[in-house]
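Now for the letters of each chain:
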Amino acid sequence: GENVEQHPSTLSVQEGDSAVIKCTYSDSASNYFPWYKQELGKRPQLIIDIRSNVGEKKDQRIAVTLNKTAKHFSLHITETQPEDSAVYFCAASITGGSYIPTFGRGTSLIVHP
Amino acid sequence: KAGVTQTPRYLIKTRGQQVTLSCSPISGHRSVSWYQQTPGQGLQFLFEYFSETQRNKGNFPGRFSGRQFSNSRSEMNVSTLELGDSALYLCASSLGHGGGGETQYFGPGTRLLVL
C-alpha cells in the first residue's frame with residue numbers, strides 16, 4: 001500500500017520567515033495530494049491541494065510543489081504569521097475507484113512573534 | 001450551509017463495550033469518510049460510504065464497521081472496545097462524485113476514551 005513520510009515533525013520559525021514541509025510517497029499511481037491544517041482542538045481543514053498533472057500551485061502565501069519523478073511534494077508558507085501555528089498534514093491518494101488516502105504523521109509549525 | 005456535525009463529542013467506555021458514533025454531512029454531500037486520529041499513528045482512514053454503500057475501506061479489523069442512511073447520515077460502530085481504540089474519530093463529507101480527489105470537510109470529531 002501507499003506510504004507517506006512527512007518531515008520535519010516540528011518546525012519553529014520567526015514571524016515573517018518562510019516555512020517548508022516536505023512529504024514523500026511510495027505509490028507512483030497516487031495522483032491527488034491535499035494539505036490540511038489543524039489548529040489545536042479544531043478540525044482539519046483543507047488549505048491547498050495539487051493533482052499530478054500540475055507541478056506547482058499557489059494561493060496567496062501558500063504554495064505546493066510536486067515532483068512526480070522523485071515522488072515528493074512540499075508545502076511552502078511565506079511571510080509566516082502567528083496564526084499559521086498549527087499541525088499540518090499531507091496526504092496522497094488515487095482518485096476514481098479506490099480512494100484510500102494515506103496521511104503523513106503531521107508537522108507541528110510554531111511561529112514565534 | 002451548516003457544517004459537518006458529529007455526536008457525541010465525548011465518550012468514555014470500558015473495555016469490551018461497544019460504541020456507535022454519528023456523523024451528519026453537509027447538505028448535498030453524499031460521501032462520508034471516517035478517520036481515526038491518534039498521537040502515535042496520526043490520521044488513518046477507516047472507510048468511506050457513498051449512496052449507502054461502503055465504497056472504500058482502510059486497514060482496520062472487522063470490529064470497526066459503519067453504515068450510511070438514505071439521507072447520507074452515517075454511523076460508525078466499534079465492538080469489543082480495546083484500550084488502543086482511544087482516539088479522536090473524525091468524519092469528513094464531500095460531494096462524492098469524483099471517487100476521491102474532492103475537497104473533504106471534516107467534522108469536529110468524537111473523542112473516545114476506553115478505560
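What comes next concerns the included structure.

The rules behind the values
Residues numbered from 1 in each chain as written. Chains lettered and ligands numbered in written order. Predicted model: local features only at pLDDT ≥ 70, side-chain atom pairs only at ≥ 80, totals over all residues. Heavy atoms only, no water. Helix = DSSP H or I, 4+ residues; strand = E, 2+ residues; numbered from the N terminus. Rg over C-alpha atoms; globule rule 2.2 N^0.38 Å. Contact = heavy atoms within 4.5 Å. Areas by Shrake-Rupley, 256 points an atom, 1.4 Å probe, with all protein chains shown as cover. Lys, Arg positive; Asp, Glu negative; His and termini not counted. Charge placed at Lys NZ, Arg CZ, Asp CG, Glu CD. Buried area = accessible area lost by both parts, 1.4 Å probe. Polar contact = N/O pair within 3.5 Å; in protein donor to acceptor, adjacent residues only side chain to side chain. Nonpolar A, V, L, I, M, F, W, Y, C, P; charged D, E, K, R; others polar. Phe/Tyr/Trp six-rings, centres within 6.5 Å; stacked < 30°, edge-to-face > 60°. Buried < 20%, exposed > 50% of the residue type's maximum accessible area, 1.4 Å probe, protein only. Lys NZ or Arg CZ within 6 Å of the ring centre and 35° of its normal. Salt bridge = Lys/Arg side-chain N within 4 Å of Asp/Glu carboxyl O.

**Quick notes on the overall build of chain B**
Counting its secondary structure elements, chain B contains zero helices and eleven strands. Ordered by position from the N terminus, the helices and strands of chain B form the series β-β-β-β-β-β-β-β-β-β-β. Taken over C-alpha atoms, the radius of gyration comes to 13 Å for chain B, in line with the 13 Å a tight globule of 115 residues would show. For chain B, the C-alpha atoms occupy an extent of roughly 40 × 25 × 25 Å along the three principal directions. When contacts within chain B are restricted to residue pairs at least 6 apart in sequence, long-range pairs at least 24 apart make up 54% of them. Summed over all atoms, the accessible surface of chain B reaches about 5,200 Å², with 50% contributed by carbon and sulfur. Separation between the mean location of the 11 positive side-chain charges and that of the 6 negative ones in chain B comes to 5 Å.

**Focus on the interface of chain A and chain B**
On the side of chain B, 22 residues touch chain A, which itself brings 18 residues to the contact. Approximately 1,700 Å² of surface area, both sides summed, lies buried where chain A meets chain B, with 53% of it carried by carbon and sulfur atoms. Inspection of the region where chain A meets chain B yields three residue pairs in polar contact (both at pLDDT 80 or more). Of all the secondary structure elements, the ones that give two or more residues to the side of chain A that touches chain B are β4 (32-38) and β5 (45-51) of chain A. When residues of the side of chain A that touches chain B are assigned to their parent elements, the largest contribution, three residues, is made by β4(A). Looking at the side of chain A that touches chain B residue by residue, the class counts come to ten nonpolar, five polar and three charged.

**Structural notes on the packing of aromatic side chains**
Residues and elements named next belong to chain B. What the rule picks out here adds up to eleven aromatic pairs over all chains. Plain terms: the ring middles of Tyr35 and Phe45 are 5.7 Å apart, the flat faces sit at 70° to each other, and that makes the pair edge-to-face. Separated by ten residues along the polypeptide, Tyr35 in strand β4 (residues 31-38) and Phe45 in strand β5 (residues 42-50) bring together distant segments of the chain. The exposure classification of Tyr35 matches that of Phe45, with both residues buried. It is Arg55 that lies over the ring of Phe50; its NZ or CZ is 4.2 Å from the centre.

**Points about the pattern of salt bridges**
Residue and element names in this part refer to chain B. Under the defined criterion, the tally for this structure stands at seven salt bridges over all chains. In this structure, Arg73 engages Glu75 in a salt bridge whose closest nitrogen and oxygen atoms are separated by 3.3 Å. The exposure class assigned to Glu75 is buried, which follows from its relative accessible area of 16%. Within this structure, Arg63, Glu82 and Asp85 form a network of salt bridges that share partners.

The values reported here are purely geometric and, on their own, carry no functional implication.
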